[in-house]
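# Understanding the architecture of this molecule
Next come the chains, spelled out residue by residue.
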Amino acid sequence: MTTPRPETLAKLTPVLTKRWLSPDAWRIGTYEKLDGYAALRKALKAHPDDLIQLVKDSGLRGRGGAGFPTGLKWGFIPQGDGKPHYLVVNADEGEPGTCKDLPLMTHDPHSLVEGVIIASYAIRANRAYIYIRGEAVHAARRLRNAVNEAYAKGYLGRNILGSGFDLELVVHSGAGAYICGEETALLDSLEGFRGQPRLRPPFPATHGLYASPTVVNNVGTIASVPYIVLGGAAWWKSMGTEKSSGPMIYSLSGRIANPGQYECSLGVTLRELLELAGGMQPGHNLKFWTPGGSSTPLLTAEHLDVPMDFEGVAGAGSILGTTATQIFSDQDCPVYATYRWLEFYHHESCGKCTPCREGNYWMVRVYRRILSGQGTHDDLDTLLDTCDNILGRSFCGLGDGATSSVTSSLKYFKQDYLDYIEGRTAPKLSDKQLVGAH
Amino acid sequence: MTTTVFTDETRARAREIVARYPADRSRSALLPLLHLVQSEEGYVSPAGVAFCAEVLGLNKAQVGAVASFYTMYKRRPTGDWLVSVCTNTMCNVLGGQEVYDTLAEHLGVGHDETTADGKVTLEHAECLAACDYGPVMTVNYDFFDGVDPQTAVGVVDELRAGGRPTSSRGARLCTLKEMAIQLAGFADEREGAVADGVPGEPSLRGLRLAQEHGISVPGFDPNTPIRSGDKPAPATPAKAAPTGSTAPDVPAPDRKSPQLRTAETRQPDAKTAVPDAPGTKVPVDGPAPGPRDAQTAEAAGVAANKPAADAKPAGDDAEAQERNLREAESTGRSGDQGSANDKGAQK
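Source: prediction; values computed, not measured.

## Some details on the interface of chain A and chain B
Contacts between the two partners involve 110 residues from chain A, matched on the other side by 100 residues from chain B. Here the side of chain A that touches chain B takes eight residues from helix H8 (residues 137-152) of chain A, the largest share from any one element. Residue composition of the side of chain A that touches chain B, by class: 52 nonpolar, 37 polar and 21 charged.

Structure, rendered in structure tokens:
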């Protein structure tokens, strides 16, 4: 493997990942030796409003996909309203392609716990929940262990470090539903209901968990907070771009030499990421990729130099999402890839909204027909028409996300569809899969 | 009615679970309680549903509606070893589909089916959040990375022969029932299990590359003051809310296309209006429910609180639509339009 050039290596910004190579960083003793809980001590001496302002000044934006400014979100929590406030961490990582939060919670769970305590202090919450994906069992083991250690050391519980601030933190395992990564569905699930999204407004900032003011933040967002408290807003902004500050964990998977987690300055390009990851696998040429998971429109080899920050990717017609960069080559079929993603959305649609529930069901069947060599030209119009009827017509973003790969693959790879329809590509699915398709 | 299937230990654990949540919000304990009954029976049986209902003062339909929504609650007896093969796009193109097909043929079972000896349940899973290790499968949710048909068959054969293969990054394997106790929120009490598992190389690649080349982020000073000197923090952060209005300020219908409006709601940025930002006093909802609201509703029974298909009180949507209409009509007008029966307030 050739060594990346120095200017490319300089894009690496190990911040959230920096303890992962230290064995036992998940133990509180090791964590404390590596700056652990120093940010908490510093934060508890400050006024909560100053912490909110600090996070605003840092420009930190949500790491869960939408990129909403975190400080602004915290500032929306009404203060002095006499209601209990809640912090809920969204650790329900499940977007296809996304795999950054599980290693963080497995290798450095205390950074999340410390972030939770600081964020709760800032928004004046005395109860916090980490809603972790059910299947993430090893991350949950380490996280529960970290919470117990933090209680034992007086970082959680009553009168934390003599500050007078109380916080109870519960790690709550989900039970296998992608939709619970959507913040209002997550809140319903946490309240003991089926995980289905709520109509907004009202937003969780005023009517969240138990109809009280609630901040819902992603794991990466909250784990960033201790570093901002220690290093300051200016240091944080020394990474990333003007509107997308800080480091971001890019999760590279697929047809590349060295898939894995690469924490880089926001705004790095795929060309640079590929250089860091040793390039494509031998015999593979880049054909299409997702910048931030399967809910973000596909990009192609034309987009190698798009800056991967919130604005740059949006400018290229896609979404930065969770920076889950899935890389596919000329040996992969975009029609089949889209079909598999649609199977996912069909399975995971919670069923609340008809356009998403029915639309995905029927699109899966259209794809099966195309892939079994029995598609028609009209099917392509049917797909686009169905997407039109899903996009923007459901409560949450799941349906919108489902249409991303359909419309973008039809935009860039219509020929691949036509090759199936016109018999130039051998069918990928057998007739047996066609049962139920009309 | 009292269910007698469950042991005293399970009942004690149930009390411990309920105690984690605010006293008047015990329903939050439902998901962990469903994991708990699986830890004793291996699946969510009618008795398990009844037990959860009894503990939380719900009816069985309410519990059943929740249990049937989530994939990890099994509706039939399940093997000691749940083998889940990821067949979502990335693992699929890297070979996950062949792994699944081979296992299905080798075990003679299909999706969500258990071998005749009752040991192994096979399922194909959607993305397991380990794409950099693909194709992956899990046994009772602990990872086996980069599997091919041959290694996967080796793992299930070892399981059926009574062995316990070592997962790639997780803890030593435990049975599905033992795992369900952890999912209910209890620590893994096996000596050393938390320490098990070595970090996988893909997780470390970026960091290792940075370390090999001596790269770190310069300028990090842990003593940087929290308050920046030239920008003192305002006392009321609520002032930063972009609306500043005292009225519901989503002027709907507006000239924006539904797509644009949806896109803004889904992907808000600093410029996006937040209609219920604090300080705006938007009467979108009534006051927060008193702790007894839920109990009163429970006491009033089905007549006053008809369960909808999703186990939530019926009529939520009508309320929401009415509220939207009110908001649409009341541009600039503010008043007490809230209703204590609004969706948010009802729970």
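Here the narrative resumes.
## A look at the domain arrangement of chain B
Partitioning chain B into domains gives domain 1 (1-76 + 175-190), domain 2 (81-170) and domain 3 (258-346). On a C-alpha basis, the centres of domain 1 of chain B and domain 2 of chain B stand 27 Å from each other.

## Side note on the pairing of strand E3 (residues 120-125) of chain B
Residues and elements named next belong to chain B. Buried residues dominate E3, accounting for six of its six residues. Residue alternation in E3 divides its side chains into two sets, Val120, Leu122 and His124 and Thr121, Glu123 and Ala125, and both sets are buried. Relative to E3, strand E1 (residues 81-86) runs parallel, the two sharing six bridges. For Cys86, the partnering residue across the bridge sits in E3 and is Ala125. Here strand E2 (residues 113-114) runs beside E3; their pairing, made up of two bridges, is antiparallel. Opposite Glu113, over in E3, you have Leu122 as the bridge partner.

## Some details on the sheet that holds strand E2 (residues 127-132) of chain A
All names here are of chain A. Pairing is parallel across the open sheet formed by four strands, whose spatial order is E3-E2-E1-E4. The sheet terminates laterally at strand E3 (168-173) and strand E4 (214-218), the two strands that pair on one side only. Ignoring strand direction, the axes of neighbouring strands in this sheet form an average angle of 20°. Where strand E1 (residues 86-91) and E4 come together, five bridges link them in parallel fashion. Looking at E4, one finds that Leu87 is bridged to Val215. The sheet strands contacting helix H7 (residues 109-123) are E1, E2, E3 and E4, and the helix crosses E1 at an angle near 150°.

## A closer look at helix H17 (residues 397-412) of chain A
All names here are of chain A. In this model H17 runs 23 Å from its N-terminal to its C-terminal C-alpha over 16 residues, within 8% of the 22 Å that 1.5 Å per residue would give. Counted residue by residue, H17 has twelve buried out of 16 residues, so it is predominantly covered. Listed as buried for H17 are Gly397, Leu398, Gly399, Asp400, Gly401, Ala402, Thr403, Ser404, Ser405, Val406, Ser408 and Ser409.

## Here we look at the sheet that holds strand E8 (residues 299-300) of chain A
Residues and elements named next belong to chain A. A sheet is described by the order of its strands in space; here five strands give the open sequence E6-E5-E9-E7-E8, paired in mixed fashion. Two strands in the sheet have a free side with no partner beyond their single neighbour: strand E6 (260-265) and E8. Looking at chain direction, strand E7 (residues 286-290) and E8 are connected through two bridges and run antiparallel. Considered in E8, the bridge of Trp289 is made with Leu299.

## Digging into the domain arrangement of chain A
Residue and element names in this part refer to chain A. Domain assignment breaks chain A into domain 1 (35-237) and domain 2 (334-434). Between the C-alpha centres of domain 1 and domain 2 there is a distance of 36 Å. Facing the nine residues of domain 1 at the interface are nine residues of domain 2. Considered class by class, the residues forming the side of domain 1 that touches domain 2 number six nonpolar, two polar and one charged.

Reading guide: rules and limits
The residue numbers shown here count from 1 along each chain, following its written sequence. All chains are assigned letters beginning at A, and all ligands numbers beginning at 1, according to the order in which they are written. Per-residue local features are limited, in this predicted model, to residues with pLDDT of at least 70; the limit for side-chain atom pairs, both in listing and counting, is 80 or more; totals at the level of whole chains, interfaces and linings are taken over all residues. This entry defines residue contacts through backbone-placed C-beta atoms, with two residues in contact when those atoms are within 7 Å. Helix and strand labels come from DSSP, where a helix needs a run of H or I of at least four residues and a strand needs a run of E of at least two; each type is numbered from the N terminus. Three residue categories are used. Nonpolar comprises Ala, Val, Leu, Ile, Met, Phe, Trp, Tyr, Cys and Pro, charged comprises Asp, Glu, Lys and Arg, and polar comprises the others, including Gly. For the domains described, the bounds stem from an automatic or database domain assignment. Any residue with 12 or fewer other C-beta atoms within 10 Å of its own C-beta is exposed, any with 20 or more is buried, and the rest are partly exposed; the C-beta atoms used are placed from the backbone. When DSSP finds at least two bridges between two strands, those strands are taken to pair. For helices, the fitted line uses only the C-alpha atoms of the stretch in contact; every axis is such a line through C-alpha atoms, and the angle between N-to-C directions lies from 0 to 180 degrees. A helix's residues, less one, multiplied by 1.5 Å, set its expected span.

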